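Given next are the chains, with one letter for each unit.
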Amino acid sequence: MQQKSITKILQQGTAGSVVTLCGWVRTRRDAKTFSFIELHDGSCMSGMQIVADNSLPGYDDSISKLTTGSSICVTGSLADSPGKGQKFEVQATSITVHNRAPEEYPLQKKRHTFEYLREIAHLRPRTNSLGAIARLRSSLSYAIHTFFQQRGFICVHTPIITASDCEGAGEMFRVSALDAHNPPRTEGGTVDFGKDFFGKEARLTVSGQLEAECYALALGKVYTFGPTFRAENSNTSRHLAEFWMIEPEMAFYELLQDMDLAEEFVRYLARHALDACREDIDFFNLRIEKTLIRTLENIADNQFVRLTYTEAITELEKHNETFEYKVSWGADLQSEHERFLTEQVHKKPVIVYNYPKAIKAFYMKLNDDEKTVRAMDVLVPRIGELIGGSEREDRHDVLVNRIRALGLDVDDYRWYLDLRKFGGAPHAGFGLGFERLLLLMSGMQNIRDVIPFPRYPGNAEF
Ligand code: 4AD
Ligand code: MG
């Protein structure tokens, strides 16, 4: 018989019907003539109670010896459960034991710290929290595609290996097929990347934006959703070396429309998490972050605050004594400042825009004041920056000057400059860090726990 997931059984099952389900044993409790087995299959937060009578074949030899972590398939009839908080139980007529986990199974039924679970990232999806994160991640990915597809955006797969540094920050991982111990050298003695796989230096992308711009200036509204890589040595609970980013890019959009879209997007996703992932969100609200549901409702139901960078600085300067890093006009906002604005001052998401050009990337459109650029960041409680975006500089000469002024090589950006030469138009976009979104939507504290196998300084395990 075809097995069913616990989710399906809870949604569609009827008492008296025969079902087969498969999964991993959480606990076993023995009564006089039978055992209760709590079985989980990862399809939802709930497990299923299996009642295994001692008359079952194999009861004495294996069923009554099942341990936490063992894998089994059960066939039996669905019965209304007398127990509180569970709809059905399964009265087993046969149980196949696939594996009896030895006693040293690292996930015994007790609370484990997230630090410990990171060391066993190959087994941690079997815990309630990491299972819930995996389901939330999947559901939000789907919602992201749905959001854009419903609005006529075209999904573009931008390259992962690239020769351009989108953010111009030099924080890229090298991709090379040269023999690291004995690379070919130029006459000058430097490594000869002309002899490398791509005939030039190549790296892992930090953002798909530049390539997305090419497609926006052909197809109108596009988005990317892919992995990005940053070799920044940030050992924080909000940075990863490999993370997933969603980057919409829209031709004929200006900064204001960009901000509107970002706000609509985040509010849509908060509503989606509350409605479509309720069981997991309830779990997070109970066990991880007591303010989670309130925060998500607040995001979904209310307009975001919008402030210029200058207004934000004026506000922050009033509280400079409370900050580790003091702010004044021109300073980059640290996460303590971002969180202060969204958590203390406004108590909801805040969009800060028109930042000083000196602290932002080369491609952002220069304002008429020549001091600020049309950049915007969406700041949210507990995380700080969730989204970074901008209207793009669409004037060829201004862009060339910006690239030069920042010490970047104009030659490297020739194709990007072509977009301004041939059919250039106003356009704008933003990038949302998917793992930061998951922190926001789950209440989890550390970004290393919302991606299956985190990569960060000193760790590429698994
Ligand atoms: O602000 P960032 O650097 O912007 C860009 O990359 C633009 N090219 C986006 C665009 O306009 N298309 O990064 C965007 C977002 C940040 O707001 C943050 O949420 C996330 O990506 N992010 C990180 N997430 C995890 N770990 C890191 N090291 C991150 N760096 C950025
Ligand atoms: Mg940013």
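Structure first, text after, so check above.
Residues numbered from 1 in each chain as written. Chains lettered and ligands numbered in written order. Predicted model: local features only at pLDDT ≥ 70, side-chain atom pairs only at ≥ 80, totals over all residues. Heavy atoms only, no water.

Novice: Explanation requested: the packing of aromatic side chains in the structure shown.
Specialist: Counted by the stated rule, this structure contains 20 aromatic pairs. Ring plane angle 45° and centroid distance 4.9 Å describe the contact between F147 and F265, whose orientation is recorded as tilted. Highlighted residues: F147 in helix α3 (residues 128-150) and F265 in helix α5 (residues 255-276), separated in sequence by 118 residues. Taking relative accessible area as the criterion, F147 reaches 0% and is therefore assigned buried. Taking relative accessible area as the criterion, F265 reaches 0% and is therefore assigned buried. An angle of 40° between the planes, with centres 5.7 Å apart, marks the rings of F453 and F462 as tilted. (Phe/Tyr/Trp six-rings, centres within 6.5 Å; stacked < 30°, edge-to-face > 60°. Helix = DSSP H or I, 4+ residues; strand = E, 2+ residues; numbered from the N terminus. Buried < 20%, exposed > 50% of the residue type's maximum accessible area, 1.4 Å probe, protein only.)

Novice: Mind showing me how you'd approach the sheet that holds strand β13 (residues 350-356) here?
Specialist: The strand order across the open sheet built from eight strands is β6-β10-β11-β16-β15-β14-β13-β12, with neighbouring strands paired in mixed fashion. In this open sheet, the two strands that pair with only one neighbour each are β6 (154-155) and β12 (305-308). Bridge count between β6 and strand β10 (residues 221-229): two bridges; the pairing is parallel. Looking across to β10, one finds that C155 is bridged to Y223. Most of the contacts of helix α4 (residues 209-219) go to strand β11 (residues 242-251), to which it runs at about 30°, and overall it touches β6, β10, β11 and β16 (427-433). (Pairing = 2+ DSSP bridges. Contact = heavy atoms within 4.5 Å. Axes fitted to C-alpha atoms, helices over the stretch in contact; angles between N-to-C directions.)

Novice: Please explain unusual backbone geometry as it appears in this structure.
Specialist: Apart from glycine, the bulk of residues carry a negative phi angle, and the bulk of peptide bonds sit in the trans form. At N354, a residue that is not glycine, the phi angle is positive and equals roughly 60°. Tracing the chain through its elements places N354 in strand β13. Not every positive phi belongs to a glycine, and E370 is a case in point at roughly 60°. Among the secondary structure elements, E370 is positioned in the loop between β13 and β14 (372-380).

Novice: I tried to follow a nonpolar patch on the surface on my own but got confused; where do I start?
Specialist: There is a patch of nonpolar side chains on the surface, built from I160, I161, F197 and F198 and spanning about 400 Å² of accessible area. Following the sequence through the fold, F197 ends up in the loop between β8 (174-175) and β9 (202-204). (Patch = residues over 30% accessible without salt bridge, like charges linked within 9 Å, V, L, I, M, F, W, Y side chains within 5 Å. Areas by Shrake-Rupley, 256 points an atom, 1.4 Å probe, with all protein chains shown as cover. Salt bridge = Lys/Arg side-chain N within 4 Å of Asp/Glu carboxyl O.)

Novice: Honestly, the state of the cysteines in this entry has me stumped. Any pointers?
Specialist: Think of a disulfide as a covalent bridge from one cysteine sulfur atom to another cysteine sulfur atom. Applying the stated rule across the entire model yields one disulfide. The disulfide bridge from C22 ends at C73, spanning 2.2 Å between sulfur atoms. Across the S-S bond linking C22 and C73, the dihedral sits near 110°, which makes this disulfide right-handed. Linking C22 in strand β1 (residues 18-30) with C73 in strand β4 (residues 71-80), this pair joins segments that are 51 residues apart in sequence. No disulfide involves C277; its sulfur sits 13 Å from that of C44, the nearest cysteine. Exposure remark for C277: the relative accessible area of 6% places this residue in the buried category. (Disulfide = S-S within 2.5 Å.)

Novice: What is the right way to look at helix α7 (residues 292-301) in this model?
Specialist: Those residues of α7 not exposed but buried are L292, I293, T295, L296, I299 and A300. Within α7, the buried residues cover an arc of 160° as seen down the axis, which keeps them to one side. Elements in contact with the buried residues of α7: α5, α6 (278-287) and α12 (434-442). (Arc of directions from axis to C-beta.)

Novice: Hey, could you run me through the pairing of β11 in this one?
Specialist: Taken across its ten residues, β11 has eight buried, putting it largely inside the fold. Here nine bridges tie β10 to β11, and the two strands are oriented antiparallel to one another. Looking at β11, one finds that F229 is bridged to E242.

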